[in-house]
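Residue strings, one per chain:
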Amino acid sequence: MRRLILLCLCLITWVVWADDAPRVILIGPPGAGKGTQARYLSEKYHLAHISTGDILRENRKQGTELGKQAASYMDTGKLVPDELIVTMVAEKLTGDGGFVLDGFPRSEAQAQLLDGMLSKSGHPINSVILLDVSDNDLVERLSLRRSCPTCQRTYHLKSNPPKKEGLCDVDGTALIQRPDDKEEVIRNRLKVYHDQTEPVLRHYQDKPGVVKIDGRLDIQDVQKQVDDNLRPLVTH
Ligand SMILES: [Zn+2]
């Protein structure tokens, strides 16, 4: 009898465990390659790729009630309140499937709301991946970027320069530096990033599954490290 109970317990544990999927928060400064990694993860592990920017645009475009509320803040240059963002994200997180959150949570308040929501469903976050790149490296990476105003193609003066200096390879248009890519603007965006993200990292630091990956590595090496961390979470 005791053996049977033990067997049942093992079976239940296995079923619950086997049902598990990666539920990932991807954190990283602007320019660290978060979007690329999020797309990779979402394809490889069949995760829903959830970007708050996309969700906001989608809700606005479809004219949903949440979208209208968000628009009233955005159009007056105000931050969309945490509750509203989390409600929109929650709509996407129904079911047991895995997901990768890109650009969310952006504050400790959002992290707490998210945790509360997920603990109700019994599927908490099981991986927090920080793509770590120093501010100076990012400034170099972004401030050497040049863009073609005609075809939107981007170049990098060091790693991917155009064939003819200052001109687009495709259409010969004079390349420009986007206002977003100027050093002062980048440093400002990085300051905002640090102010917002450090409390989120502190919030998760004692929980399992937090990993820091050197975002200066090649894309493939970053992917390999991401894989090493996610593989144990995929049991089926
Ligand atoms: Zn061009």
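Residues numbered from 1 in each chain as written. Predicted model: local features only at pLDDT ≥ 70, side-chain atom pairs only at ≥ 80, totals over all residues.

This part covers the packing of helix 4 (residues 65-74) against helix 5 (residues 82-92). Following both chains from N to C, one finds helix 4 and helix 5 inclined at 150°, their axes separated by 11 Å at the closest point. Here helix 4 lies roughly antiparallel to helix 5, going by the angle between them. Remark: the crossing between helix 4 and helix 5 carries left-handed chirality. Residues Leu 66, Gln 69 and Ala 70 of helix 4 touch helix 5, and the partners they reach there are Leu 84, Thr 87 and Met 88. Looking at side-chain class alone, the contact of helix 4 with helix 5 contains 4 nonpolar, 2 polar and no charged residues. (Axes fitted to C-alpha atoms, helices over the stretch in contact; angles between N-to-C directions. Helix = DSSP H or I, 4+ residues; strand = E, 2+ residues; numbered from the N terminus. Parallel < 35°, antiparallel > 145°, perpendicular 65-115°, else oblique. Left-handed = near helix turned anticlockwise from the far one by under 90°. Contact = placed C-beta atoms within 7 Å. Nonpolar A, V, L, I, M, F, W, Y, C, P; charged D, E, K, R; others polar.)

Buried residues of helix 2 (residues 34-44): Lys 34, Gln 37, Ala 38 and Leu 41, and no others. Buried residues along helix 2 cover an arc of 100° about the axis, so they all sit on one side. Contacts from the buried residues of helix 2 go to strand 1 (23-27), strand 2 (48-51), strand 3 (99-102), strand 4 (127-132) and helix 9 (219-230). Downstream of helix 2 by one or two residues, His 46 has phi in the positive range, about 55°. (Buried ≥ 20, exposed ≤ 12 C-beta atoms within 10 Å, placed from the backbone. Arc of directions from axis to C-beta.)

Counting buried residues in strand 1 gives 5 out of 5 residues, a clear majority hidden from the surface. Every second residue of strand 1 is oriented toward a common face, with Arg 23, Ile 25 and Ile 27 on one face and Val 24 and Leu 26 on the other, all of them buried. Bridge analysis of strand 1 against strand 3 gives 4 bridges, and the strand direction is parallel. Within the sheet, the bridge partner assigned to Arg 23 lies in strand 3 and is Phe 99. (Pairing = 2+ DSSP bridges.)

A few words on unusual backbone geometry. The peptide bond linking Phe 104 to Pro 105 adopts the cis configuration, its omega dihedral lying at -5°. With respect to the helices and strands, the residue Pro 105 is situated in the loop between strand 3 and helix 6 (108-121). Even without being a glycine, His 46 presents a positive backbone phi close to 55°. Residue position: His 46 is located in the loop between helix 2 and strand 2. A tally of 12 C-beta atoms within 10 Å means that His 46 is categorised as exposed. Unusually for a residue other than glycine, Gln 152 sits at a positive phi of about 70°. Take Gln 152: it is sitting in the loop between strand 5 (145-147) and strand 6 (154-156).

Attention shifts here to the environment of Lys 191. Along the polypeptide, Lys 191 turns up in helix 8 (residues 183-204). Sequence-wise, Lys 191 and Leu 217 are 26 residues apart; in three dimensions their C-alpha atoms are separated by 23 Å.

Moving on, we come to the sheet that holds strand 1. A sheet is described by the order of its strands in space; here 5 strands give the open sequence 2-3-1-4-7, paired in parallel fashion. The two strands at the open ends of the sheet, each matched to only one other strand, are strand 2 and strand 7 (210-214). On average, each strand axis in the sheet is inclined to that of its neighbour by 20°, with strand direction left out of account. Across 5 bridges, strand 4 lies against strand 7 in parallel orientation. Following the sheet pairing, Ile 129 is matched in strand 7 by Val 211.

Looking now at helix 8. Look at helix 8: 31 Å from first C-alpha to last across 22 residues, which is about the 32 Å you get at 1.5 Å a residue. Along helix 8, the sharpest change in direction is near 30° and occurs at Thr 197; proline Pro 199 comes one to four residues later. Of all the positions in helix 8, only Ile 186, Leu 190, Val 200 and Tyr 204 are classed as buried. Those residues of helix 8 that are buried are in contact with strand 1, helix 6, strand 4, helix 7 (135-143) and strand 7. (Expected span 1.5 Å × (residues − 1). Bend = angle between axes of the 7 residues up to and from the residue.)

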